[in-house]
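Fold and geometry: a report
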Amino acid sequence: MKSMRFIMLGGFLGAGKTTTIAALARHYQRQGQIVGIVTNDQATDLVDTHALRAQGHLVGEVAGACFCCNFNDLLDTIGKLQSAAQPDVVLAEPVGSCTDLVATVVQPLVQLHQGKFDIAPYGVILKPSHGLRILKPNERSGFSPKAAYIFRKQLEEADFVLINRIDELRPEEADELSALVAAEFPSTPQLRISAKTEQGFDGLVEFLNQRGEFGRRILDLDYDIYAEGEAELGWLNASLAVQADQPFALDDLLLDIIGRLSAVLGDLEAETAHLKVIGLSEQSFGVANLVSSLSQPELSLPSSCRTVGANIIVNARVAIDPEVLAREVRSSADAACRACGAEATWKTVQSFRPGRPVPTHRMAVGM
Ligand SMILES: Nc1nc2c(ncn2[C@@H]2O[C@H](COP(=O)(O)OP(=O)(O)OP(=O)(O)O)[C@@H](O)[C@H]2O)c(=O)[nH]1
Ligand SMILES: [Mg+2]
């Protein structure tokens, strides 16, 4: 049996992993390859899974724990994609607060499943909004030093770093980010991309096509700091049904939910890592996001539809007490629904702090 190309792309919450993976999937499909995608989260109801499926991609989901702590589920999910479509390429998106993925995911695939996976270089996407604040001395990052530790460790294990969002960075800002990354990780190659416009994707595809000594940068990691850093984030996945007598603009509702939440989290001085909401109606779907306290809410995938009903999923990762987060998400979404003449029926609300990571396997030596 031929081996399957395994491409994992890491990076902090809201860095652009899903956007990059969707663009890469389209690229490989245009080349005639069959692509499967694996998404991952600490809980069920993932915006990313729904958004990628709505774009027509074949997606398997590992929900309930990260790839490293749920390694067998990752293998089962890849196995199901294989039975369904025999993909040539599997693109995997780990949870954006995870690190140590080389030792706990890449190396177990290499060492325990020899020959089954053809492992691509491991790329980590740098999120400029938090990257500048975390890597620059004397800046207030919005996150604690323990969360900043995770951000840095993610970059440290990368075979290459992707400086994303160059469509909106000034050249001197991109240069500053490159210099900050190079100062800490001088031997790590860097690429610059825009996941949104696909600028720089020829270089990305070329880099990913390489065969060789990749996925071997095993971290020296303090799991106590890692666990405490992750647990500082409030995590929320929720779903609701929205119904109205008169048609409303779905995109306006999605942006209003994010806008109201952004305002209240600002008042509470709680740093947002990523807020995302998807609205699915019978005709279309839309996604709205917020990637930091200093950013503006944006409609990343417009539905451009008016509808009387939609299912909404909210995923929020914010440095705040998860109970407060749940309360504010509910009241923001309820108010946004009322403002467009709709009624919300809540289906699920899961809110928690991520538990301590306990990897299924950890390979201390790379092969
Ligand atoms: N302008 C611009 N926006 C981008 C780019 N890449 C991603 N975004 C936006 O950034 C937000 C987050 O992107 P995602 O791809 O969802 O990020 P992610 O890393 O998958 O986020 P998590 O799964 O929550 O960790 C979305 O609003 C995207 O549209 C880019 O290159 N340029
Ligand atoms: Mg994502």
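Quick look at the structure, then.

Conventions used here
- Residue numbers run consecutively from 1 along every chain, following the written order of its sequence.
- As a convention, the first chain written is A and the first ligand written is 1, with the rest following in written order.
- Local features in this predicted model are restricted to residues whose pLDDT is 70 or higher, and side-chain atom pairs enter the listing and the counts only when it is 80 or higher, whereas totals over whole chains, interfaces and linings include all residues.
- By convention in this description, side-chain values take in all heavy atoms of the structure and omit both hydrogens and water.
- Here, nonpolar core refers to any group of buried Ala, Val, Leu, Ile, Met, Phe, Trp, Tyr and Cys residues whose side-chain atoms link them within 4.5 Å.
- Using a 1.4 Å probe on the protein chains alone, a residue whose accessible area is under 20% of its type maximum counts as buried, one over 50% counts as exposed, and one in between counts as partly exposed.
- Under the scheme used here, helices are H or I runs from DSSP no shorter than 4 residues and strands are E runs no shorter than 2 residues, and both carry numbers assigned from the N terminus.
- We call two residues in contact when some of their heavy atoms are within 4.5 Å.
- Within 3.5 Å is the distance limit for a polar contact, defined as a pair of N or O atoms, with the added protein rule that one can donate a hydrogen and the other accept it, and that residues adjacent in sequence qualify only through two side-chain atoms.
- Coordinating donors are taken as N, O and S atoms within 2.8 Å of the metal, stretched to 3.2 Å for Na, K and Ca; because water is absent from the atoms, sites can appear incomplete.
- In this scheme, strands are said to pair when DSSP sees at least two bridges between them.
- Near residues are defined by distance, with any heavy atom within 4 Å of the molecule or strand qualifying the residue.
- Residues are called lining when one of their atoms sits within 4 Å of a cavity or pocket point, these points coming from a 1 Å grid over the protein atoms alone, where a cavity is a set in which a 1.4 Å probe fits but cannot get out and a pocket is an open set with protein on both sides within 12 Å along at least five of seven lines.
- More than half of a molecule's atoms lying within 2 Å of a cavity's or pocket's grid points is what places that molecule inside it.
- Only Asp, Glu, Lys and Arg are considered charged, only Ala, Val, Leu, Ile, Met, Phe, Trp, Tyr, Cys and Pro nonpolar, and every remaining residue, Gly among them, polar.

**Observations regarding the nonpolar core**
- By size, the foremost hydrophobic cluster in this structure holds 56 residues, and its most contacted members are Phe6, Met8, Val105 and Leu126.
- The element contributing the most residues to this core is helix α6 (residues 145–156), with six residues.
- Discounting chain neighbours no more than four positions away, the residues touching Met8 are Phe67, Ala92, Pro94, Leu101, Val105, Val106, Pro121, Tyr122 and Gly123.
- Counting 35 residues, the second largest nonpolar core, distinct from the first, contains Phe248, Ala310, Val314 and Val329.

**Regarding the environment of Asp224**
- Position of Asp224 among the secondary structure elements: in helix α9 (residues 223–231).
- On the accessibility criterion, Asp224 (40% relative accessible area) is partly exposed.
- Note: C-alpha distance between Asp224 and Arg356 (132 residues apart in sequence) is 8.3 Å.
- Here Arg356 takes part through its side chain, which lies 2.9 Å from a polar atom of the side chain of Asp224.

**A word on unusual backbone geometry**
- At Arg165, a residue that is not glycine, the phi angle is positive and equals roughly 70°.
- Mapping Arg165 onto the fold places it in the loop between β7 (160–163) and α7 (171–184).
- Judged by its relative accessible area of 19%, Arg165 falls in the buried class.

**Re the coordination of the magnesium ion (ligand 2)**
- The protein atoms donating to the magnesium ion (ligand 2) are Thr18 (OG1), Asp48 (OD) and Glu93 (OE), with metal-donor distances spanning 2.0 to 2.1 Å.
- Mapped onto the sequence, the donors of the magnesium ion (ligand 2) take the spacing T-x29-D-x44-E. Here Asp48 lies in helix α2 (residues 47–54) and Thr18 lies in helix α1 (residues 17–30), a separation of 30 residues in the sequence.
- A relative accessible area of 15% means that Thr18 is categorised as buried.
- The exposure class assigned to Asp48 is buried, which follows from its relative accessible area of 11%.

**Observations regarding helix α5 (residues 128–135)**
- Of all eight residues making up α5, seven are buried, and the element is well covered by its neighbours.
- Here α5 has its buried residues at Pro128, His130, Gly131, Leu132, Arg133, Ile134 and Leu135.
- The secondary structure elements touched by the buried residues of α5 are β6 (123–126), α6, α7 and β10 (272–280).

**Overview of the pairing of strand β2 (residues 35–41)**
- By the criterion of burial, β2 is predominantly enclosed, with seven of the seven residues buried.
- With burial as the criterion, each face of β2 is covered, one bearing Val35, Ile37, Thr39 and Asp41 and the other bearing Gly36, Val38 and Asn40.
- Where β2 lies against strand β4 (residues 89–92), four bridges are found, and the strand directions are parallel. Bridging from a neighbouring strand, Val38 pairs with Ala92 of β4.
- Here β2 pairs with strand β3 (residues 58–63) via six bridges, running parallel.

**Re the site of ligand 1**
- Close contacts around ligand 1 come from 23 residues, with Lys17, Thr19, Asp167, His274 and Glu298 the closest.
- Interatomic distance of 2.8 Å between a side-chain N/O atom of Glu93 and an oxygen atom of ligand 1.
- Ala195 places a main-chain nitrogen or oxygen 2.8 Å from an oxygen atom of ligand 1.
- Using a 2 Å cut-off from the grid points, one finds that ligand 1 occupies the largest pocket.
- Looking at the shell around ligand 1, the elements that each hand over two or more residues are α1, β10 and β12 (298–301).
- Residue contributions to the shell around ligand 1 peak at three residues, all from α1.
- For the shell around ligand 1, the per-class residue count stands at five nonpolar, nine polar and nine charged.

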